[in-house]
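# Observations on the model geometry
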Amino acid sequence: MKKKTLLLPFILLIVSQIYGTDLSLHGSLQNYIGVLPSQEFAYSIMQNTFDLSIDYYGDNSAVHLSPSLTYDLDTDLSVGLTEAYIDIYSQDMDVRIGEQQIIYGKADGVFITDVVSPKNLTEFILPDFDEIRLGVTALKVDYYNEEATYEVVWIPLFTPNTMPEADSIWNVHAIDFSDSTKDIDTSLENSEIFGKYSRYSPTIDFDIMGGYMWDDEPTITTDGDFTHHRMGIIGGSFSTTVHNYVIRGEGAWNTGKYVNATLKMDYLHYMGGIDFTLNEWNMSAQFIEKVYLNYEDNNAVDQWQNTITLMAHKEFYDNTLLFEVFTYVEFDDLNALIRPKVTYSLSDDIKVMAGCNIFLGDSGTFGQFNDNSMIYTKIKLSF
Amino acid sequence: MNKHRTTHHFMSIFLLLGLFPTTVFAQINYSAEQVIDNVYERPTPEDQKAELTMTLENSRGDQRVREIQQYIKDDGEETKKIMFFTAPSDVRNTSFMSFSNDNEENESQWIYLPALKKVKRISQGNSSDYFMGSDFTYDDMGERLPSEDTHTIIGEETIDGVHCIKVKSIPLDPDYMYSKTITWVSDTYWIGLKKDFYDSDGALLKTLTVTGYENIDGYWMITNSKMENIQKDHKTLMKLDNFVLNAGMQDSDFSVRTMTKGIR
């Protein structure tokens, strides 16, 4: 929170210097209630969130702030700043400085090359895809040359995944991760750097990326504490259209992953996917595989991990009712997460949502939470 | 011209013999294909910017409004379009980009979802989907190639004092979302002033009516139109204003960079 407090005045100072700005103010108010049928419908979440998006547009610059106010049944009132950055534009180059979410890759709901922004895992992977990523304090430079973009991201301040509290239903082993970053000071040598070359064209979109980073996921040490290790990544993704199908792929080679206190391995992580329309249903399917290359027997991970995801959505009643379902199925220790959701637009600005998260299986990524299957409602007012 | 005289001569003989299956319209000097080609080839600016407002109205009279800024560049071979959604609030800053040419196989479409911070390539199979809850499908919003249908002149009528040729068009693709369309084409402005769309069962589904058009900088531009879904009793009013034509837009304005930050 300290870094954000320091950043805000700096941004406001710059704002005051921008000549001829144009202010835009928008946001949303959301109520989110979830109950656990397996635990006599006890509340798993009761949360009210107020999100604001403030934008100033100048001729060759822009400033964006997105503060939020959250009142949660467990943590009471908290103030956050999802993003706070300055954009500076020139003919062939854009520069973005500040707290920002950076998204890579073509996969949906799976993080392969999408490793720049850490994740908010306090509620496992259940937050919407647009809510799960955290901002990082970074300098991002994009240089454009016709259809190609060259991007460099420098992150001087490490931000890890936000892990669930020890008493959370999403923390099966009741682990306290809170001190995992205590040994990572803010210094040049502790910074992270990423590079990406991307190209969008009528025939194919693709990108190639690489990075030297911290593992956003904490790992146990021999002392029983938790810490983060350095990792490297090289990867890429593509999407193209074949007749009425969009074919997508993404893959990465990751080095230096600690799966326990002493065992370090490299792994390949890749995905193939297809998007299509069937009887006015928009459908998507992905196959994801993760394989450890220099595998040694251990209790933490299997050498091969296979997952498929299936997505379908369709709008009804003049597009006022949206039904969607997103499903993960993991094949090792067969387990799954099924997430159907219905969204009804009471008006353009008021939406009511109802859905459930169904965890199936006894173990594995999803099966371990089989007591946490949940029914929820959301009401969202946008302005 | 000689070719037309010869055609009319043979038509008269067929009529006398009672063998010609359809009515002949002596005042019409165009074939159905020429009428549709003339609409398709009507001079348009090389690039244009306009503000589009769509008002959706259901059977109870409830209205919802969508606002879009659209930019189009057409160099004669390829049409590039980019749309920025400005209202309602939950779709603000979403943008849609398409590149298309005479070969529909080469159409490419992308959507930028600001909440996901991602530009996604989307499938052309969505062309029969309704655009933002309106009564226009994505396909209705674009230009349909004349060669995708067979055309027949079926009559002539006057709409608001403007003489129109009625053309029936039947798609070559039997799986196309419409079984046929009937268009009332002004042979003065080469604008389709009215169009009926029939569903796969042959029943009237929708009627498009052009309610406003203006000559702007020498080009006939449609400014107001209404699409009425007869079966659902739902309609969409479309208004285009603040046109800026031939502003010298560059190909680089139609890019992923522009989708994510807007045209500046």
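Residues numbered from 1 in each chain as written. Chains lettered and ligands numbered in written order. Predicted model: local features only at pLDDT ≥ 70, side-chain atom pairs only at ≥ 80, totals over all residues.

## Quick notes on the overall build of chain B
Heads up, the rule is: Helix numbers and strand numbers start at the N terminus; a helix is a DSSP run of H or I with at least 4 residues, a strand a run of E with at least 2. We call a residue exposed when 12 or fewer other C-beta atoms sit within 10 Å of its C-beta, buried when the count reaches 20 or more, and partly exposed for counts in between; the C-beta positions come from the backbone. Here, residues touch in the contact sense if the C-beta positions derived from the backbone fall within 7 Å of one another.
Along its length, chain B carries 4 helices and 13 strands. Out of the 264 residues belonging to chain B, those deemed buried represent 27%. Summarising the internal contacts of chain B: among those between residues at least 6 apart in sequence, 41% fall at separations of at least 24.

## A word on the overall build of chain A
Just so we agree on the cut-off: Throughout, radius of gyration means the C-alpha value; the globule benchmark is 2.2 Å times the number of residues raised to the power 0.38.
Broken down by element type, chain A carries 3 helices and 21 strands. Here the C-alpha atoms of chain A give a radius of gyration of 21 Å, agreeing with the 21 Å that 2.2 N^0.38 yields for 383 residues. C-alpha extents for chain A along the principal axes are approximately 60 × 55 × 50 Å. Considering only contacts within chain A whose residues lie at least 6 apart along the sequence, 51% involve residues at least 24 apart.

## Regarding the environment of Asn101 of chain B
With respect to the helices and strands, Asn101 of chain B occurs in strand β4 (residues 95-101). Separated by 23 residues in the primary sequence, Asn101 of chain B and Glu78 of chain B place their C-alpha atoms 4.5 Å from one another.

## Some words on the interface of chain A and chain B
Quick note on the threshold: Here the term charged refers only to Asp, Glu, Lys and Arg, the term nonpolar to Ala, Val, Leu, Ile, Met, Phe, Trp, Tyr, Cys and Pro, and the term polar to all other amino acids, Gly among them.
Chain A puts 25 residues into the contact, and the matching count from chain B is 26 residues. Of the residues contributing to the side of chain A that touches chain B, the split by class is 10 nonpolar, 8 polar and 7 charged.

## Observations regarding the pairing of strand β12 (residues 219-229) of chain B
Residues and elements named next belong to chain B. Cut-off, in case you're wondering: Whether two strands pair depends on DSSP finding at least two bridges between them.
The pairing of strand β11 (residues 204-216) with β12 spans 10 bridges and is classified as antiparallel. Paired with Thr209 across the two strands is Lys226, which belongs to β12. Counting the residues in the hairpin turn of β11 and β12 gives 2 residues, including Asp217, whose phi is positive at 50°. As judged from the 6 bridges shared by β12 and strand β13 (residues 234-245), these two strands associate in the antiparallel manner. Bridging across to β13, Lys226 finds its partner in Leu237. What sits between the antiparallel neighbours β12 and β13 is a turn of 4 residues, in which Asp233 has the positive phi angle 55°.

## Examining the pairing of strand β4 (residues 76-89) of chain A
All names here are of chain A. The pairing of strand β3 (residues 61-72) with β4 spans 12 bridges and is classified as antiparallel. Paired with Thr70 across the two strands is Ser78, which belongs to β4. Counting the residues between successive antiparallel strands, the hairpin from β3 to β4 contains 3 residues. Here β4 runs beside strand β5 (residues 93-100); their pairing, made up of 6 bridges, is antiparallel. Bridge assignment links Asp87 to a residue of β5, and that residue is Arg96.

## As for the nonpolar core
The condition is simple: Think of a nonpolar core as buried Ala, Val, Leu, Ile, Met, Phe, Trp, Tyr and Cys residues, each tied to the set through C-beta atoms within 7 Å.
Core analysis: the largest hydrophobic core is formed by 20 residues, its most contacted members being Val116 and Val153 of chain A. Contributing elements (two or more residues each) for this core: β7 (136-145), β8 (148-155), β10 (204-214) and β13 (230-242) of chain A. Contacts of Val116 of chain A, omitting those with residues within four sequence positions, involve Ile102, Tyr104, Val136, Val153 and Phe194 of chain A. Formed by 15 residues, the second largest nonpolar core is a distinct cluster that contains Val246 of chain A together with Tyr71, Phe96 and Phe254 of chain B.

## Overview of helix α2 (residues 32-40) of chain B
Turn by turn, an α-helix covers 3.6 residues, leaving residues three or four places apart pointing in a common direction. All names here are of chain B. As a reminder, the rule being used: Directions are taken from the helix axis to each C-beta atom, and the arc is the one they span.
By the burial criterion, the buried members of α2 are Ala32, Val35 and Ile36. Looking down the long axis of α2, one finds its buried residues gathered within 90° of arc, a one-sided arrangement. In this fold, the buried residues of α2 make contact with β7 (149-159), β8 (162-171) and β9 (180-186).

## Quick word on the environment of Ala336 of chain A
Residues and elements named next belong to chain A. Within the fold, Ala336 resides in strand β19 (residues 335-345). Remark: the alpha-carbon pair of Ala336 and Leu360, spanning 24 residues in sequence, is separated by 5.0 Å. If near-sequence neighbours (up to four positions away) are discounted, Ala336 is found in contact with Thr327, Tyr328, Val329, Glu330, Leu360, Gly361 and Phe366.

## Side note on the environment of Leu321 of chain A
Residues and elements named next belong to chain A. Residue position: Leu321 is located in strand β18 (residues 321-330). For the pair Leu321 and Lys351, spaced 30 residues apart in sequence, the C-alpha to C-alpha distance is 9.6 Å. Setting aside its immediate chain neighbours within four residues, Leu321 contacts Glu315, Phe316, Val342 and Tyr344.

## A word on the confidence of the model for chain A
Using the following cut-off: How sure the predictor is of each residue is captured by pLDDT, a score from 0 to 100.
Overall, the predicted model of chain A reaches an average pLDDT of 90, with 95% of residues at or above 70. Low pLDDT, under 50, characterises residues 1-6 of chain A; the predicted model gives this stretch 5 contacts beyond four residues in sequence or across chains.

## Quick look at unusual backbone geometry
The step from Ala87 of chain B to Pro88 of chain B runs through a cis peptide bond, and the omega angle for that step is 5°. Residues other than glycine seldom take positive phi values, yet Phe41 of chain A does so here, at roughly 60°. Along the polypeptide, Phe41 of chain A turns up in the loop between β1 (22-36) and β2 (42-57). Residue classification places Phe41 of chain A among the exposed residues on the basis of 10 C-beta atoms within 10 Å. One non-glycine residue, His243 of chain A, adopts positive backbone phi at about 55°. Along the polypeptide, His243 of chain A turns up in the loop between β13 and β14 (245-258). C-beta crowding within 10 Å serves as the criterion here: with 9 such atoms nearby, His243 of chain A is assigned to the exposed category.

## Re the confidence of the model for chain B
Residue and element names in this part refer to chain B. Looking at chain B, pLDDT values average 86 and 86% of them are 70 or higher. Counting contacts from residues 1-23, a segment whose pLDDT is below 50, to residues more than four positions away or on other chains yields 8 contacts. The ipTM value of the predicted complex is 0.87, and its pTM value is 0.84.

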